[in-house]
Amino acid sequence: MSKWLRIILKVLLGLCIVLAVIWFGAAYYIKKNNQKILTQILTQVNQKVSGQVKIGGMAPNLLKGFPNVSVSLNQVLIRDSLWKDHHHDLVNAKKIEVSLNIFSLIAGTVNIRKADLNNADIYIYTDSTGYSNTSAFKGKENKIENTATNNNKDNLKIGRIDFKDVNLTIDNRKRFKLFNFKIDALNGKIKYGLTGWDGNIKVKTYINSFAFNTNKGSFLKDKQIEGTIIAHFNDNSKQITIDQNKLKIGNDIFYIGAQIQTAKGKSGFKIDIKTDNILYRNVSLLLAPNISSKLLKFGIEKPVNITGSIIDDGSNNPDPLVHVKMEVKDNKVTIPSGELNACNFTGTFTNKDTLNKEIGDENSIIRFYNLKADYYNAPIRVDTFTVTNFSRPIATGLVKSSFPLTNLNSSLGEETFLFKNGTADIKLFCKADIDHFLFTKPVIWGDVNISNADITYLPRQMRLVNSNLVLKFNQKDLNIKSSKIQLGKSMVAIDCNISNFLNFYYTDPNKIQATLKMTSPQLYISEFIPFLGPRKGAVKKKSAKENTIKQVSDQLDAVLEAAKINIQLKVNRAIYNKFTANNLTADIALLGNGVYFNKINVSHAGGNLSLKGKLTQSGAINRYQFNSNINNVNVKEFFYAFDNFGQSSVTSKNLKGFLSANVNASGNITDKGAIVSRSMFGTVKFTLNKAALVGFEPLEKIGKFIFRSRNLANVQLEKLNGLLTLNGDKVNISPIQVNSTALNFNVKGIYGFNNGTNIALDIPLRDPKKSAGIADEEERQLARMKGIVLHLKAVDEDGKLKIKWNKDHD
């Protein structure tokens, strides 16, 4: 071992011995001068405290604090002068361990270098007038103090602090703030400089309350914070600056920094926050309930990056100013109306949107910038989407989208609508009340353009092809302009205006009243027959899950069935089976399960028809009733068009001439549009002009029985008036005088479509030609029945029509 090394070791050993002697001497000194040192500590503390300070006792702790000497202060209590009014101890500690500088003891002073606070309560209280129990601490005086006083001040510059099981409360009743921390551990080192101090503090604490406004709840509620705080204090600015450093809040990592004002009359602060790769829900739950309850109406599946700040300017407004910014990339976002997939946007939040308004819920806003996403397979784009006024949050935004209609099939589950072709272009400005969505429905402005659509409405199996719809929403109203649908071979142009559509759409579809103006060059009525039948319930598919798009589809289905629709129809040519009409105009109302034909006019068979009536949908068989005026139609074409009205006795092959009639009848029609045979009841008052009865079986049989020389196969009538009463499978024929070229006769009775025919015929043998030259009408009528009159009857026997003598004639 070298000489110098031996010398160094001897010196170090000597120094250690000297320190040990000094340390043991200091410990002995403390033990012998316990009360004196305690008095010195109290004297120094009282230099800073104007209230009451109590220390129950002091004892040296030789095994702790080396090379300094440590003492334990027991039952330490600090109260302000107004404690009797509010009963909140500023400090109440069972034990405070203080490390004293050995050399200060030698100099006869007490210099505290470290303080350990264990099992203590610190309660900083401010009442409604602004008085605080921290007034127990005296502020620095501006006058020049003596050297001894300055030394005493330096003695209270504590270099290390350790807290364990400390409950810290900051209760400001004037500004409605309440901060409460359960500090498990706090270890800090403080270095003092010429202009302030620098601190490095490791902390582990549980937050019971972090309420900037106790009326609105706490931030960071029930969260644990753990990490290192690096702080700086400047004597001139009286500001504490906390470097932005890593802290663990709950299970998430945050980078948090702050600036805190401590000058007299100032109490403002700013907290800066940054965190990466954190779940949106976790962040929302860190905020006060009045904010988080609104933010949690939205959801983001994957972690996001967030920056933000909380600013309290020390004014009378109890709420801090909050700014939050969030970047979302390729994420799944849940909103009140559904899900946004592959979602990208930049989001911001502030609770002071308008500068000249106070911070608060009414002035809060969420903004989504450059939002792009897939909304149930429909790509949407929103330049700016906002949620304003957290007291009653209103969402607004301009939504744009363009997509193939087939993209909707997977969302709809192919239950109500099935799309095979077409595109949708959407540009809608939407406004919706989030909290009261069930009661206050969205307001919408903008257009929805559907082009080249191939859509099947499954409940009625109605398929639209090559159809174009232009839907214009104007707040609560809906206009359908310049739209065209094609149903089979029928092409229809549509214009429509529905007032207050959106309100009733959600709340009461029965109150929707729509007037559709429809025009068509050629309409095939049979293609609209599915409206006569009952709706077919949608077959629920296992893969189909409930979502907003499907809910909208189901609601639209309910609206289509419940709304009151008035159709004003103009058709150049209408075709139904054998019936063909020109220049059809119609006023039709669809109300519930009824189709009301308010007015229908058509040109048909050389004449025209008008009709009023009602059809009641009840299933496979539907009930109808109508009143129709028929004016001068070709009777042959008329009977042919209506398939001889469900009977086979008098058909279009038997008739010629022109018919005018008034028909008031009711009956049944199938859901396929076929009139149910023998179901019609009512009356037919008719006039036949320039008519002929050709090949009518009852007359031909009479011709074989009598009048063989006359042509009863083609009986011509100049004019015939009559009244028929329809009674299911029978027709009651009121007395009719038939004047024809072949014979004259009177007829009345019952004609049965199946059986039950019993028709009385009074037939004079006189040839009608003999009376043709009589000019006087009355005389011609008297001559008509002169001579021999045959009284016959036509009856059913064994399913065949037979002619017999009518012994019971009038």
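Rules used throughout
- Residues numbered from 1 in each chain as written.
- Predicted model: local features only at pLDDT ≥ 70, side-chain atom pairs only at ≥ 80, totals over all residues.
- Heavy atoms only, no water.
- Helix = DSSP H or I, 4+ residues; strand = E, 2+ residues; numbered from the N terminus.
- Contact = heavy atoms within 4.5 Å.
- Areas by Shrake-Rupley, 256 points an atom, 1.4 Å probe, with all protein chains shown as cover.
- Pairing = 2+ DSSP bridges.
- 1 Å grid on protein atoms, 1.4 Å probe; cavity = no way out; pocket = protein on both sides within 12 Å on 5 of 7 lines; lining within 4 Å.
- Points joined across faces, edges and corners; volume = space filled by probe spheres on them.
- Nonpolar A, V, L, I, M, F, W, Y, C, P; charged D, E, K, R; others polar.
- Patch = residues over 30% accessible without salt bridge, like charges linked within 9 Å, V, L, I, M, F, W, Y side chains within 5 Å.
- Salt bridge = Lys/Arg side-chain N within 4 Å of Asp/Glu carboxyl O.
- Lys, Arg positive; Asp, Glu negative; His and termini not counted.
- Charge placed at Lys NZ, Arg CZ, Asp CG, Glu CD.
- Buried < 20%, exposed > 50% of the residue type's maximum accessible area, 1.4 Å probe, protein only.
- pLDDT = per-residue confidence, 0-100.
- Core = buried A, V, L, I, M, F, W, Y, C linked by side-chain atoms within 4.5 Å.
- Polar contact = N/O pair within 3.5 Å; in protein donor to acceptor, adjacent residues only side chain to side chain.
- Phe/Tyr/Trp six-rings, centres within 6.5 Å; stacked < 30°, edge-to-face > 60°.
- Lys NZ or Arg CZ within 6 Å of the ring centre and 35° of its normal.

K.L.:
Looking at this structure, how should I read the overall build of the protein?
P.N.:
Along the protein, the regular secondary structure elements total 13 helices and 38 strands. Look at the contacts in the protein between residues 6 or more apart in sequence, and 54% of them connect residues 24 or more apart. When the accessible surface of the protein is split by element, carbon and sulfur atoms take 55% of a total near 42100 Å².

K.L.:
Would you explain the pairing of strand 35 (residues 744-752) in this entry?
P.N.:
Here strand 34 (residues 730-739) pairs with strand 35 via 8 bridges, running antiparallel. Opposite Asn 732, over in strand 35, you have Ile 750 as the bridge partner. Counted along the chain from strand 34 to the antiparallel partner strand 35, the turn is 4 residues long. As paired elements, strand 35 and strand 36 (residues 758-764) share 5 bridges and run antiparallel to each other. Each residue of the ladder has a partner; that of Asn 746, found in strand 36, is Asp 762. Linkage of strand 35 to strand 36, two consecutive antiparallel strands, is achieved through a turn of 5 residues, within which Gly 756 is found at a positive phi near 90°.

K.L.:
Honestly, empty space enclosed by the protein in this entry has me stumped. Any pointers?
P.N.:
A water-sized probe, rolled over the atoms, reveals where empty space remains. Enumeration over the complete set of coordinates arrives at 3 cavities of 30 Å³ or more. Taken together, 15 residues make up the lining of the largest cavity; nearest its centre are Tyr 280, Leu 295, Val 324, Met 326 and Phe 349. When contributions to the lining of the largest cavity are tallied by element, the ones reaching two or more residues are helix 6 (280-284), strand 14 (321-335), strand 15 (338-350) and strand 16 (365-375). Among the elements that take part in the lining of the largest cavity, strand 15 stands out by supplying 4 residues, more than any other. Looking at the lining of the largest cavity residue by residue, the class counts come to 12 nonpolar, 3 polar and no charged.

K.L.:
Would you explain the pairing of strand 22 (residues 477-487) in this entry?
P.N.:
As a general feature of sheets, a regular strand has side chains that alternate between the two faces. Relative to strand 22, strand 21 (residues 462-475) is paired through 6 bridges, and the arrangement is antiparallel. Each residue of the ladder has a partner; that of Leu 464, found in strand 22, is Leu 487. Taking the residues that link successive antiparallel strands as the turn, the strand 21-strand 22 hairpin has 1 residue. Examined bridge by bridge, strand 22 and strand 23 (residues 490-498) share 8 bridges and lie antiparallel to one another. Across the sheet, residue Asn 479 finds its bridge partner in strand 23, namely Asn 497. Count of turn residues in the strand 22/strand 23 antiparallel hairpin: 2 residues, of which Gly 488 carries a positive phi of about 65°.

K.L.:
Explanation requested: unusual backbone geometry in the structure shown.
P.N.:
The backbone of Gln 75 shows a phi angle near 50°, a positive value even though the residue is not glycine. Locating Gln 75 in the fold gives a position in strand 2 (residues 69-79). The phi dihedral of Ala 342 is positive, around 50°, even though this residue is not glycine. Residue position: Ala 342 is located in strand 15.

K.L.:
Honestly, a positive patch on the surface in this entry has me stumped. Any pointers?
P.N.:
Taken together, the side chains of Arg 160, Lys 189, Lys 191 and Lys 202 make up a positively charged region of the molecular surface. As for its position among the elements, Lys 191 is in strand 6 (residues 177-192). According to the relative accessible area criterion, Lys 191 is exposed, its value standing at 67%.

K.L.:
Would you take a moment to explain the pattern of salt bridges for this structure?
P.N.:
It is possible for side chains bearing opposite charge to pair when their charged atoms get close. Per the stated rule, a full pass over the model turns up 20 salt bridges. Between Asp 454 and Arg 463 there is a salt bridge, with the nearest N and O atoms lying 2.5 Å from each other. Overall, the relative accessible area of 10% leaves Asp 454 in the buried class. In this structure, the salt-bridge partner of Glu 797 is Lys 802, at a minimum N-O distance of 3.7 Å. According to the relative accessible area criterion, Lys 802 is partly exposed, its value standing at 35%. Because the salt bridges share partners, they merge into one network encompassing Asp 165, Lys 182 and Asp 184.

K.L.:
It is not clear to me how the environment of Ile 565 should be interpreted in this structure. Could you clarify?
P.N.:
By the element assignment, Ile 565 lies in strand 26 (residues 564-576). A relative accessible area of 16% means that Ile 565 is categorised as buried. It is 9.6 Å that separates the C-alpha atoms of Ile 565 and Val 595, two residues lying 30 residues apart in sequence. Look past the residues within four positions of Ile 565 in its chain and what remains in contact with it is Ala 514, Leu 516, Ile 588, Ala 589, Leu 590 and Leu 591.

K.L.:
Which parts of the structure should I look at to understand the confidence of the model for the protein?
P.N.:
In regions of low pLDDT, the predicted coordinates are not meant to be interpreted in detail. Residues of the protein with pLDDT of at least 70 account for 80%, and the chain-wide mean is 81. Every residue in residues 139-153 is under pLDDT 50, and counting partners more than four places away or in other chains gives 6 contacts.

K.L.:
Can you walk me through the side chain of Ser 284 in this structure?
P.N.:
Residue placement: Ser 284 occurs in helix 6. Filtering out sequence-adjacent residues up to four positions away, Ser 284 remains in contact with Ser 292, Leu 295 and Leu 296.

K.L.:
Help me out: how do you make sense of the side chain of Arg 79 in this one?
P.N.:
Examined against the element boundaries, Arg 79 turns out to sit in strand 2. Owing to a relative accessible area of 17%, Arg 79 belongs among the buried residues under this scheme. When near neighbours in sequence (up to four residues on either side) are disregarded, Arg 79 contacts Gly 51, Gln 52, Asp 89 and Ala 136.

K.L.:
In this structure, what is going on with the environment of Tyr 125? I would like to understand it.
P.N.:
If you trace the backbone, Tyr 125 turns up in strand 4 (residues 112-126). Residue Tyr 125 is classed as buried on the basis of its relative accessible area, which comes to 9%. Sequence spacing of Tyr 125 and His 88 is 37 residues, and the spatial spacing of their C-alpha atoms is 7.0 Å. Non-local contacts of Tyr 125, meaning those with residues more than four positions away in its chain, are made with His 86, His 88, Tyr 131, Ser 132, Asn 133, Asp 171 and Arg 173.

K.L.:
Can you walk me through the nonpolar core in this structure?
P.N.:
A general feature of soluble globular proteins is that nonpolar side chains tend to end up buried together. Ranked by size, the top nonpolar core spans 92 residues in total, and within it Ile 494, Leu 569, Leu 659, Phe 686, Phe 745 and Ile 763 carry the most contacts. Core analysis: the next-biggest nonpolar cluster, separate from the first, contains 79 residues, Leu 168, Phe 212, Ala 258 and Leu 371 among them.

K.L.:
Help me out: how do you make sense of the environment of Ser 490 in this one?
P.N.:
With respect to the helices and strands, the residue Ser 490 is situated in strand 23. As a C-alpha pair, Ser 490 and Ser 520 span 30 residues in sequence and 7.6 Å in three-dimensional space. Sequence-distant contacts of Ser 490, that is, excluding residues within four places in its chain, are made with Ile 485, Gln 522, Leu 523, Tyr 524, Glu 527 and Phe 528. A polar contact of 2.7 Å, which involves the side chain of Ser 490, links it to the backbone nitrogen of Tyr 524. Only 2.6 Å separates the side chain of Ser 490 from the side chain of Glu 527, close enough to count as a polar contact.

K.L.:
Help me understand the packing of aromatic side chains, please; the structure alone is not making it clear to me.
P.N.:
Each pair of aromatic rings is reported with the distance of its centres and the angle of its planes. Scanning all chains against the criterion turns up 13 aromatic pairs. Aromatic side chains Phe 179 and Phe 212 sit 5.4 Å apart centroid to centroid with 75° between the ring planes, which places their arrangement in the edge-to-face category. With Phe 179 in strand 6 and Phe 212 in the loop between strand 7 (196-211) and strand 8 (223-234), the pair connects residues that are 33 residues apart, well separated along the chain. In terms of burial, Phe 179 and Phe 212 fall into one category: buried. Summarising the aromatic geometry, the rings of Trp 197 and Phe 233 are spaced 5.8 Å apart at their centres and angled 20° between planes, so their arrangement reads as stacked. Of the two residues, Trp 197 is situated in strand 7 and Phe 233 in strand 8; the sequence distance between them amounts to 36 residues. Taken together, the aromatic side chains of Phe 179, Phe 181, Phe 210, Phe 212, Phe 219 and Phe 269 make up a single cluster linked through ring pairs. One cation-aromatic arrangement involves Arg 79 over Trp 83; the distance from NZ or CZ to the ring centre is 3.7 Å. Taking NZ or CZ as reference, Lys 489 lies 4.3 Å from the ring centre of Tyr 524, over its face.

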